[in-house]
Amino acid sequence: MISNPLSIVIPVKNREKLILRALDSVYNQTYRPIRLIVVDNDSTDATVPAVEKWKEAHESEDFSVKIVSETRPGAAAARNRGLLEVDTDYMLFFDSDDVMLPELAITVMEAFDKNKKLDLVYWRTAYINAKEEVIPKRFAKLDLIRRHIYNGVLCTISYAIRTSFIKRIGGWDSSLKAWDDWELGLRILLNEPDMKGIFRVLVHIYPQTDSITGTDFHSKAGEWEKAIAAMEKDARELTSGSLQRRILSMLLYRKINLAALYSRENFSTLGRDLLETSLKSSGLSKWKKRLLRLIYTYTKNGGRGGYLLWD
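In what follows, the accompanying structure is described.

About the criteria used
Each chain carries its own residue numbering, running from 1 in the written order of its sequence. pLDDT decides what is reported in this predicted model: residues at 70 or higher carry local features, side-chain atom pairs at 80 or more are listed and counted, and totals for whole chains, interfaces and linings draw on all residues regardless. To get the side-chain values, take all heavy atoms of the structure and skip hydrogens and water. Put simply, DSSP marks the helices as runs of H or I at least four residues long and the strands as runs of E at least two long, and each gets a number from the N terminus on. All radius of gyration figures rest on C-alpha atoms, and the globule criterion is 2.2 Å times the number of residues raised to 0.38. Only protein chains enter the accessibility calculation, which uses a 1.4 Å probe; a residue is then buried when its area is under 20% of its type maximum, exposed when over 50%, and partly exposed in between. Should any heavy atoms of two residues lie within 4.5 Å, those residues are considered in contact. Only the protein chains shown count as cover for residues, with accessible areas throughout obtained via the Shrake-Rupley method and a probe of 1.4 Å. The sign given to each residue is positive for Lys and Arg and negative for Asp and Glu; His and the chain ends receive no count. In plain terms, the charge of a residue is placed at NZ if it is Lys, CZ if Arg, CG if Asp and CD if Glu. In a helix, the anticipated span is given by 1.5 Å times the number of residues less one. This arc is built from the directions going out from the helix axis to the C-beta atoms. Here a polar contact is taken to be a pair of N or O atoms separated by no more than 3.5 Å, where protein atoms must pair a possible hydrogen donor with a possible acceptor and residues adjacent in sequence count only if both atoms sit in side chains. For helices, the fitted line uses only the C-alpha atoms of the stretch in contact; every axis is such a line through C-alpha atoms, and the angle between N-to-C directions lies from 0 to 180 degrees. Roughly parallel covers angles under 35 degrees, roughly antiparallel covers those over 145, roughly perpendicular covers 65 to 115, and oblique covers all other angles. Charged means Asp, Glu, Lys or Arg here, nonpolar means Ala, Val, Leu, Ile, Met, Phe, Trp, Tyr, Cys or Pro, and polar covers whatever is left, Gly included. Only one rule defines a salt bridge in this text: a Lys or Arg side-chain nitrogen within 4 Å of an Asp or Glu carboxyl oxygen.

## Here we look at the overall build of the protein chain
Helices and strands together make up the secondary structure of the protein chain, namely 11 helices and 9 strands. Relative to the globule expectation of 19 Å for 311 residues, the C-alpha radius of gyration of the protein chain, 20 Å, shows essentially globular dimensions. Dimensions of the protein chain, computed from the C-alpha atoms along their principal axes, are close to 65 × 45 × 35 Å. Here the protein chain holds 311 residues, and 53% of them are scored as buried. In the protein chain, 75% of the contacts between residues at least 6 apart in sequence involve partners at least 24 apart. Summed over all atoms, the accessible surface of the protein chain reaches about 14,700 Å², with 50% contributed by carbon and sulfur. Where the 47 positive side-chain charges of the protein chain centre and where its 41 negative ones centre are 9 Å apart.

Laid out in structure tokens, this is it:
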């Protein structure tokens, strides 16, 4: 029987009406022991009292709950604060507004126990829409760098990881206020972990209008670009040759895609500026620039999957 404890870090800010659903899903895991770490990110509502009351009702010898505080703004800073508290071999990050299915922890811990070389176990997730329908997200077992850059395979709530591995690569980039999990996912992959993918859906995502991602792009213009710039830096520092060129090419596509999304949201000047700036500094041939302009127009007008035309 597996007895290795699993740590779960959940950052939270002003989620008094949602956090208990996420906490209940952790408590309902069929695996023990679990060490739950909740990081309050300077909440101004009744989140902390709600979590404290929940802790009193649920904590036990094989289910510990620790509540800590991080006043620096941003989920990445809060997750790094939680990571400081982790002293188990394996851990995972979770979000305060989502739900893990009861078999998640036992599934990943069995995988780690079966293969002691594994650094990371990742799984499929699914959106729950307004009609309570389950919409599975894309999943990949091949060409993970490409699929992550285009489809975000390693999002925050989609993997468990060896604690020493994520600490070794530096944890979260707390300077990023958007797409921080996307950047970390690429950095994880570039550090070549031993991985195992589980095709089953193990997490249900409940989109929120006030989430860090939000419901539009223009309101956080500049923050998305910072994440892409950080990923370009990761590629230059951790890769070389054809792999580096390929990653930078895919990230260029993501900038063109972002420009098109700005324009689709009727912020055409913002979109065109990003398009022209990105193309000017790309060093691409004229025909490749024309292709990216075509992808920009296609995406701006509602098209999806433009990356299939690029790489």
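## Points about helix α11 (residues 286-300)
A rise of 1.5 Å per residue sets the reference length of α11, with its 15 residues, at 21 Å; its end C-alpha atoms lie 21 Å apart and thus fit the reference within 8%. Considered for burial, the residues of α11 that qualify are Leu291, Leu292, Ile295, Tyr296 and Thr299. All buried residues of α11 lie within an arc of 145° about the axis, which places them on one face of the element. In α11, the exposed residues that point more than 90 degrees away from the buried face are Lys286, Trp287, Arg290 and Leu294. Buried residues along α11 sit against α9 (241-264) and α10 (268-280). Phi turns positive one or two residues past the end of α11, at Gly302, with a value near 105°.

## Description of the side chain of Thr47
Secondary-structure assignment places Thr47 in helix α2 (residues 47-58). Thr47 gets classed as buried once you look at its relative accessible area, which sits at 0%. From its side chain, Thr47 meets the backbone nitrogen of Arg15 in a polar contact 2.8 Å long. Here the side chain of Thr47 touches Asp45 through a polar contact of 2.7 Å, side chain to side chain.

## Here we look at the packing of helix α5 (residues 144-151) against helix α7 (residues 180-190)
The N-to-C vectors of α5 and α7 enclose an angle of 175°; their axes lie 10 Å apart at closest approach. The orientation of α5 with respect to α7, classified from their angle, is roughly antiparallel. Mapping the contact onto sequence places Leu144, Ile145, His148 and Ile149 in α5 and Asp181, Trp182, Gly185, Leu186, Leu189 and Leu190 in α7. Per-class residue counts for the contact of α5 with α7 are 7 nonpolar, 2 polar and 1 charged.

## Notes on unusual backbone geometry
Omega for the peptide link from Arg32 to Pro33 comes to 5°, which places this bond in the cis form. Topologically, Pro33 is positioned in the loop between α1 (19-27) and β2 (34-40). Its identity is not glycine, yet Asp42 carries a phi of approximately 70°, on the positive side. Here Asp42 lies in the loop between β2 and α2. Judged by its relative accessible area of 40%, Asp42 falls in the partly exposed class. Positive phi is not limited to glycine here, since Glu192 has a value of about 55°. Taking relative accessible area as the criterion, Glu192 reaches 69% and is therefore assigned exposed.

## So, helix α3 (residues 75-84)
Given 3.6 residues to a turn, an α-helix orients residues that are three or four positions apart in the same direction. Where burial is concerned, most of α3 is hidden: 8 out of the 10 residues are buried. Turning to α3, the residues buried within the fold contact β1 (6-12), β2, β4 (90-93), α6 (163-168) and α7.

## Notes on the environment of Ser3
Among the secondary structure elements, Ser3 is positioned in the segment before β1. Residue classification places Ser3 among the exposed positions, given a relative accessible area of 55%. Separated by 279 residues in sequence, Ser3 and Ser282 have C-alpha atoms that sit 52 Å apart. Beyond its immediate chain neighbours, meaning those up to four positions away, Ser3 contacts Tyr31 and Pro33.

## Describing the pattern of salt bridges
Taken as a whole and assessed by the stated rule, the structure comprises 18 salt bridges. Of the charged contacts, one joins Arg79 and Asp180 as a salt bridge, the two residues approaching to 3.1 Å between their closest N and O atoms. Note that Arg79 is positioned in helix α3 and Asp180 in helix α7, a separation of 101 residues in sequence. Of the two residues, Arg79 and Asp180, both sit in the buried class. The closest approach of N and O atoms between Glu183 and Arg187, which form a salt bridge, is 2.8 Å. Of this pair, Glu183 and Arg187 both sit in helix α7, 4 residues apart, which is roughly one turn of the helix. Since its relative accessible area comes to 11%, Arg187 is described here as buried. A single salt-bridge network, built from bridges that share partners, covers Asp143, Arg146, Arg246 and Asp311.

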